[in-house]
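Per-entry structural report
The chain contents come next:
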Amino acid sequence: MFTGKHFVWIGLCVAFVAVLLVLSIRFSFSLHRAGLIMTVICVLSESSKMMSEMIPGVRGGMVLDPLALPFHLCSLLLFGVVYITFAKESPAKQHIIDFMAVAGTLGSICALLIPTNGVDFLSIGAYQCFVYHSGLLWFSFYLIVSKKANLGLRALFSNLGILLLLVLMNFYVNSFLSAYGTNFMYLVRPPMENLPFLNLDKGWYVYFLRIVVLAMAAFTLFHLPFIVRERRIRR
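Quantities reported herein were computed from a predicted structural model and do not represent experimental measurements.

Conventions used here
Residues numbered from 1 in each chain as written. Predicted model: local features only at pLDDT ≥ 70, side-chain atom pairs only at ≥ 80, totals over all residues. Heavy atoms only, no water. Core = buried A, V, L, I, M, F, W, Y, C linked by side-chain atoms within 4.5 Å. Buried < 20%, exposed > 50% of the residue type's maximum accessible area, 1.4 Å probe, protein only. Helix = DSSP H or I, 4+ residues; strand = E, 2+ residues; numbered from the N terminus. Contact = heavy atoms within 4.5 Å. Patch = residues over 30% accessible without salt bridge, like charges linked within 9 Å, V, L, I, M, F, W, Y side chains within 5 Å. Areas by Shrake-Rupley, 256 points an atom, 1.4 Å probe, with all protein chains shown as cover. Salt bridge = Lys/Arg side-chain N within 4 Å of Asp/Glu carboxyl O. pLDDT = per-residue confidence, 0-100. 1 Å grid on protein atoms, 1.4 Å probe; cavity = no way out; pocket = protein on both sides within 12 Å on 5 of 7 lines; lining within 4 Å. Points joined across faces, edges and corners; volume = space filled by probe spheres on them. Nonpolar A, V, L, I, M, F, W, Y, C, P; charged D, E, K, R; others polar. Expected span 1.5 Å × (residues − 1). Polar contact = N/O pair within 3.5 Å; in protein donor to acceptor, adjacent residues only side chain to side chain. Phe/Tyr/Trp six-rings, centres within 6.5 Å; stacked < 30°, edge-to-face > 60°. Axes fitted to C-alpha atoms, helices over the stretch in contact; angles between N-to-C directions. Left-handed = near helix turned anticlockwise from the far one by under 90°.

1. So, the nonpolar core
If you look at the biggest cluster of nonpolar residues, it comprises 48 residues, and the most contacted ones within it are Met38, Phe99, Tyr132, Trp138, Phe139, Tyr142 and Leu143. The element that contributes the greatest number of residues to this core is helix H5 (residues 124-145), accounting for ten residues. Contact partners of Met38, with chain neighbours within four places excluded, come to Val81, Tyr132, Gly135, Leu136, Trp138 and Phe139.

Structure representation (structure tokens):
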């Protein structure tokens, strides 16, 4: 964490996000065009992950390692990308856009700062992690800058509700796949050892409370400037 290679990756990711964001603003990308670009990134990322993380099946052949299933927060957002890109306008689509703008930004930043797939330039996992999260960060920024996302007070409550539903869902998923040591959304244990605040020093219940409260606080703080702006406009 924060080694020389890690800083190089972060620099490359910042450049990647900046270039895509400038292009999307300069050429006024439509939501569909931006979604198509992000969909391609998702397909390439998920394909590389699947091909590099296959394990022998019980009855022969190969199966995807359960640890690589797309149940982490950022991984789940790839389904949101496809839905946003191809679904018709609807309240449900707007809810997904609003959630992705916040979750994609916060989740991608955390993933880039805590590279659980390593930083080795010869590792496919590292490329998959950094490229996907850079693309997701750009797409989330695009939704905000282009004002496709509505981040007012109502969106905050909606986003917190979606977040808690995903936490509940992953309780069950992690339980179903506990034999494989899954840790989706890091509800079972911290993403890395020796992290400040997010650790098991005081037991799992304290850790779980901390990670949920931290996530909800981060979502609320992210929304706060937009809520203040919304109230000023109404006045």
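2. Side note on a nonpolar patch on the surface
Taken together, the side chains of Leu165, Leu168, Phe171, Tyr172 and Phe176 make up a nonpolar region of the molecular surface, amounting to roughly 560 Å² of accessible area. Position of Tyr172 relative to the elements: it lies in helix H6 (residues 153-176).

3. A look at the confidence of the model for the protein
Across the protein, the average pLDDT comes to 93, with 100% of residues at 70 or higher. Between the elements of the protein, mean pLDDT differs from a low of 89, seen in strand E2 (residues 62-64), to a high of 96, seen in H6.

4. Let's talk about the layout of surface pockets
Reported here for the largest pocket is a volume of approximately 1,400 Å³. Considering the residues around the largest pocket, the lining is formed by 50 residues, among which His72, Cys110, Met185, Tyr186 and Pro191 are closest to the centre. When residues of the lining of the largest pocket are traced back to their parent elements, those giving at least two are helix H2 (31-52), helix H3 (73-86), helix H4 (91-113), H5, H6 and helix H7 (204-234). Tallied by class, residues from the lining of the largest pocket come to 34 nonpolar, twelve polar and four charged. When its volume is computed, the second largest pocket comes out at roughly 240 Å³. Considering the residues around the second largest pocket, the lining is formed by Ile144, Lys147, Ala149, Asn150, Leu151, Gly152, Phe226, Arg229, Glu230 and Ile233. The residue makeup of the lining of the second largest pocket, split by class, is five nonpolar, two polar and three charged.

5. Thoughts on H6
Over its 24 residues, H6 runs 35 Å from end to end, which matches the ideal 34 Å to within 8%, given 1.5 Å per residue. Every buried residue of H6 is listed here: Ala155, Leu156, Ser158, Asn159, Leu160, Leu163, Leu166, Val167, Asn170, Val173 and Asn174. On the buried face of H6, the contacting elements are H3, H4 and H7.

6. Some remarks on the environment of Asn150
Within the secondary structure, Asn150 sits in the loop between H5 and H6. Put simply, Asn150 and Gly104 are 46 residues apart on the chain and 14 Å apart in space, counted from C-alpha to C-alpha. Within the structure, the side chain of Asn150 is placed 3.3 Å from the backbone nitrogen of Gly152, a separation counted as a polar contact.

7. Section: the packing of aromatic side chains
A complete count under the given rule lists 14 aromatic pairs for this structure. Judged by centre distance (5.2 Å) and plane angle (15°), the ring pair of Trp204 and Phe208 falls under stacked. Of this pair, Trp204 and Phe208 both sit in helix H7, four residues apart, roughly one helical turn. The class for Trp204 is partly exposed, based on a relative accessible area of 28%.

8. Looking at the packing of H4 against H5
One way to put it is that H4 packs onto H5 with a least axis distance of 8 Å and a crossing angle of 145°. In terms of crossing hand, the pair formed by H4 and H5 is left-handed. Residues Ile97, Met100, Ala101, Gly104, Thr105, Ser108, Ile109, Ala111 and Leu112 of H4 form the contact with H5, whose own contacting residues are Cys129, Phe130, His133, Ser134, Leu136, Leu137, Phe139, Ser140, Phe141, Leu143 and Ile144. Per-class residue counts for the contact of H4 with H5 are 14 nonpolar, six polar and no charged.

9. What about the pattern of salt bridges?
A side chain with one charge may pair with a side chain of the opposite charge, provided their charged atoms come close. Counted according to the given criterion, the structure contains three salt bridges. Across the pair Glu46 and Lys49 runs a salt bridge, and its minimum N-O distance is 3.4 Å. Of this pair, Glu46 and Lys49 are both found in helix H2, three residues apart, which corresponds to roughly one turn of the helix. Linking Glu230 and Arg234 is a salt bridge whose minimum nitrogen-to-oxygen distance equals 3.8 Å. With a gap of four residues between them, Glu230 and Arg234 both fall in helix H7, about one helical turn apart.

10. Some details on helix H1 (residues 4-26)
The terminal C-alpha atoms of H1 lie 33 Å apart, and with 23 residues this matches the ideal 33 Å at 1.5 Å per residue to within 8%. Turning to H1, its buried residues are His6, Trp9, Cys13, Val17, Leu20, Leu21 and Ser24. Tucked into the core, H1 has its buried residues touching H4 and H5. Two residues or fewer after H1 comes Ser28, characterised by a positive phi angle close to 50°.

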